[in-house]
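These are the residues of each chain, in order.
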Amino acid sequence: MKIAIYTLGCKVNQYETQAMETILTQQGHELVDFEEKADAYIINTCTVTAVSDKKSRQAIRRARRLNENAVVAVCGCYAQTTPEEVEALDVDLIYGTGDRMQFLDDVQKAVHGKQQVNVDDVMRRRDFEFLPAGGMEERTRSMLKVEDGCVNFCTYCTIPYARGPVRSLPIDQAVSETKRLAEEGYQEIVLTGIEISSWGKDLKNGLTLIDLIEAVCHAAPSMRIRLGSLEPRTITEEFCLRAKVLPNLCPHFHLSLQSGCDATLKRMNRKYNTARYLESCRLLRQHFELPAITTDLITGFPGETEEEFAQTLAFLEKADFASMHIFPYSRRSGTPAYSYPDQIPMVEKEARAHRAAQVAAQREQHYLSLHVGKILPILFEEEKDGLWRGHTPNYLEVRAEGDKLHNVVRLVQIESVSGNLLLGKLVEA
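On a predicted model such as this, the values are computed, not experimentally measured, just so you know. (Residues numbered from 1 in each chain as written. Predicted model: local features only at pLDDT ≥ 70, side-chain atom pairs only at ≥ 80, totals over all residues. Heavy atoms only, no water.)

Draft legend 1. Just the overall build of the chain, in detail. For the chain, the count of helices and strands is 13 helices and 18 strands. Computed over the C-alpha atoms, the radius of gyration of the chain is 22 Å, within 12% of the 22 Å expected from 2.2 N^0.38 for a compact globule of 429 residues. Projected onto the principal axes, the alpha-carbon positions of the chain cover approximately 60 × 55 × 50 Å. A buried classification covers 55% of the 429 residues belonging to the chain. Across the chain, the fraction of contacts at a sequence separation of at least 24, relative to all contacts at a separation of at least 6, is 72%. When the accessible surface of the chain is summed, it comes to about 18,500 Å², and 50% of that surface belongs to carbon and sulfur atoms. (Helix = DSSP H or I, 4+ residues; strand = E, 2+ residues; numbered from the N terminus. Rg over C-alpha atoms; globule rule 2.2 N^0.38 Å. Buried < 20%, exposed > 50% of the residue type's maximum accessible area, 1.4 Å probe, protein only. Contact = heavy atoms within 4.5 Å. Areas by Shrake-Rupley, 256 points an atom, 1.4 Å probe, with all protein chains shown as cover.)

Draft legend 2. Inspection of the packing of aromatic side chains at higher detail. In this structure the tally under the stated criterion is 11 aromatic pairs. Arranged with centres 6.2 Å apart and planes meeting at 85 degrees, the rings of Tyr-156 and Phe-301 form a pair that is edge-to-face. With Tyr-156 in the loop between strand 7 (141-148) and helix 6 (159-163) and Phe-301 in the loop between strand 12 (292-299) and helix 12 (306-319), the pair connects residues that are 145 residues apart, well separated along the chain. Ring geometry for Tyr-277 and Phe-315: centres 5.7 Å apart, planes at 70 degrees, overall edge-to-face. Of the two residues, Tyr-277 sits in helix 11 (residues 274-287) while Phe-315 sits in helix 12, which places them 38 residues apart along the sequence. In textbook terms, an aromatic cluster arises when at least three aromatic residues are bridged by ring pairs, as seen for Tyr-156, Phe-301, Tyr-329 and Tyr-340. If you follow Arg-62 out to its NZ or CZ, it ends over the ring of Tyr-6, 5.2 Å from the centre. In this arrangement the basic side chain of Arg-331 is found over the ring face of Tyr-338, its NZ or CZ atom lying 4.5 Å from the centre. (Phe/Tyr/Trp six-rings, centres within 6.5 Å; stacked < 30°, edge-to-face > 60°. Lys NZ or Arg CZ within 6 Å of the ring centre and 35° of its normal.)

Draft legend 3. Focus on helix 1 (residues 11-26). With 16 residues, helix 1 ought to run about 22 Å at 1.5 Å a step, and its terminal C-alpha atoms sit 22 Å apart, in line with that. Among the 16 residues of helix 1, 12 are classified as buried, and the element is accordingly described as predominantly covered. Residues Val-12, Asn-13, Tyr-15, Glu-16, Thr-17, Gln-18, Ala-19, Met-20, Glu-21, Thr-22, Ile-23 and Leu-24 constitute the buried set of helix 1. Phi turns positive one or two residues past the end of helix 1, at Gly-28, with a value near 95 degrees. (Expected span 1.5 Å × (residues − 1).)

Draft legend 4. Representation of the sheet that holds strand 12 in the model. Pairing is parallel in the open sheet, where three strands are placed in the order 11-12-13. Strands with a single pairing partner mark the edges of an open sheet, and in this sheet they are strand 11 (252-254) and strand 13 (323-328). Strand-to-strand, the axes of this sheet are offset by a mean angle of 15 degrees, without reference to chain direction. Note that strand 11 and strand 12 share three bridges and pair parallel. Considered in strand 12, the bridge of His-254 is made with Thr-294. Against the sheet, helix 13 (residues 346-369) touches strand 12 and strand 13, its axis set at about 175 degrees to strand 13. (Pairing = 2+ DSSP bridges. Axes fitted to C-alpha atoms, helices over the stretch in contact; angles between N-to-C directions.)

Draft legend 5. A look at the sheet that holds strand 4 (residues 71-76). Ordered in space as 2-1-3-4-5-6, the six strands form an open sheet in which the pairing is parallel. The open sheet terminates on both sides in strands that have one partner only, identified here as strand 2 (30-31) and strand 6 (116-118). Bridging between strand 5 (residues 93-95) and strand 6 involves three bridges; their strand directions are parallel. Note that in strand 6 the partner of Ile-94 across the bridge is Val-117.

Draft legend 6. Structural context of the pattern of salt bridges. Tallied over the entire structure, the rule returns 37 salt bridges. A salt bridge links Arg-332 to Asp-53; the shortest N-O distance between them is 2.5 Å. Here Arg-332 is found in the loop between strand 13 and helix 13, whereas its partner Asp-53 is found in helix 2 (residues 50-66), with 279 residues between them in sequence. Accessibility expressed as a relative area gives 6% for Arg-332, which makes it buried. (Salt bridge = Lys/Arg side-chain N within 4 Å of Asp/Glu carboxyl O.)

Draft legend 7. Quick peek at the side chain of Arg-399. By the element assignment, Arg-399 lies in strand 16 (residues 397-400). The contacts of Arg-399, once residues within four sequence positions are left out, are Lys-384, Asp-385, Leu-387, Trp-388, Arg-389, Leu-421, Leu-422, Leu-423 and Gly-424.

Draft legend 8. Inspection of the environment of Asp-99 at higher detail. Among the secondary structure elements, Asp-99 is positioned in the loop between strand 5 and helix 5 (100-109). Overall, Asp-99 belongs to the partly exposed group, its relative accessible area being 41%. Sequence spacing of Asp-99 and Asn-118 is 19 residues, and the spatial spacing of their C-alpha atoms is 9.6 Å.

Draft legend 9. Broad picture of the state of the cysteines. Per the stated rule, a full pass over the model turns up zero disulfides. Sulfur of Cys-250: no disulfide; nearest cysteine sulfur belongs to Cys-217 and is 8.6 Å away. The exposure class of Cys-250 is buried, given its relative accessible area of 1%. The cysteine Cys-281 is free of any disulfide, with Cys-240 supplying the nearest cysteine sulfur at 11 Å. Relative accessible area serves as the criterion here: at 1%, Cys-281 is assigned to the buried category. (Disulfide = S-S within 2.5 Å.)

Draft legend 10. Region of the structure containing the nonpolar core. In this structure, Leu-191, Ile-213, Phe-239, Leu-316 and Phe-321 are the most contacted members of the largest nonpolar core, which totals 69 residues. When residues in this core are grouped by element, the largest group, six residues, is from helix 8 (residues 209-219). Setting aside residues up to four positions removed in sequence, Leu-191 forms contacts with Leu-144, Val-146, Ile-196, Ile-213, Val-216, Ile-225, Arg-226, Leu-227 and Gly-228. Within the second largest apolar cluster, 20 residues are counted, among which are Ile-60, Ala-63, Val-74 and Ile-94. (Core = buried A, V, L, I, M, F, W, Y, C linked by side-chain atoms within 4.5 Å.)

Draft legend 11. The arrangement of the packing of helix 12 against helix 13 in detail. One can describe the packing of helix 12 onto helix 13 by two numbers: an axis separation of 9 Å at closest approach and a directional angle of 20 degrees. The orientation of helix 12 relative to helix 13 falls into the category roughly parallel. Here helix 12 and helix 13 pass one another in a crossing that is right-handed. Residues Glu-306, Phe-309, Leu-313, Leu-316 and Glu-317 of helix 12 pack against Glu-348, Arg-352, Arg-355, Ala-356, Val-359, Gln-362 and Arg-363 of helix 13. Split by residue class, the contact of helix 12 with helix 13 holds five nonpolar, one polar and six charged. (Parallel < 35°, antiparallel > 145°, perpendicular 65-115°, else oblique. Left-handed = near helix turned anticlockwise from the far one by under 90°. Nonpolar A, V, L, I, M, F, W, Y, C, P; charged D, E, K, R; others polar.)

Next up, the structure:
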């Protein structure tokens, strides 16, 4: 079959799509671009915001227009939480966020006009579904999914209802996959999951995330190991002392924030306050040289006053982030915050997002400027606009002149800042 896949959402969705691509090609199917005519279209959906839901629906409709006789199969978080909405969109197969192998089998068996819905009770899941990492030769880095699920139940978030409780990839399997990826030639692994800070809780063997990180780093000492999004509670003195002696651990730490105001954080049911968050930042800067501390921010959460937002803006300056992802609050049906009073108009939410983005841009420029003159190892990925594009260990984009640098790590002297990236020249060996 010719099969096209369209993926929305987070790195976990991207990882699961990559695994499905690997399995399908091993079975002899041909992967084609989503805009081409295919025998089957797979849409891996996201539901983190209302915009994500809309984009998921648009992709489903586009697949049907591209080939009205094709199998249209939908999986992912939007399908898990609102399968009835997907059913109404003329699709053949609906799965949620689990049992990807059976999903792929059913894609191949599906017959247009005989709709099948197979969405489980996500809260009853207890086992981690292992899916193969890597498999795409043109890529320089591979994601390795080590955790699924979340039990934080932030009041704005649908993901616990889409992904279920915490399930962890056992450490021996993580080590085995890491070694295999190193043998396949990848230069970097990103440890990803829905909430990797909770890795190990379900295993009940006393191991925590730092144990996993150490094991993976030691399994492939020549590879960069990068971490996915972390909760601030992860960053302790012990964590930093053990992490800083791992030479291949990338000093890039994405710490979820969402608000810089304690009152707003409490309404969000976040498990920290701004003082604890700043302590995490302090520890990282104490133990790592110029670590990239990045974050997410939600603007216009219900009840957020102008004074509370001003506290957030001041906090952004104090935390001094390397970069930020900023989103207006998206009202999600089924979450506690959906029915909170004092909902803020979208125009104000977007205006606050714009104001926060201005602070973020200033801090990003400052952080980039600190690297001018330094000599840094760059993992190059692709040639773009006449220059080779790659990333520093702390995930700053760098461009430099060169030849045949794909999947190669080279030292580069940083010469200048250009927009939100760095320009430099190769250092001769």
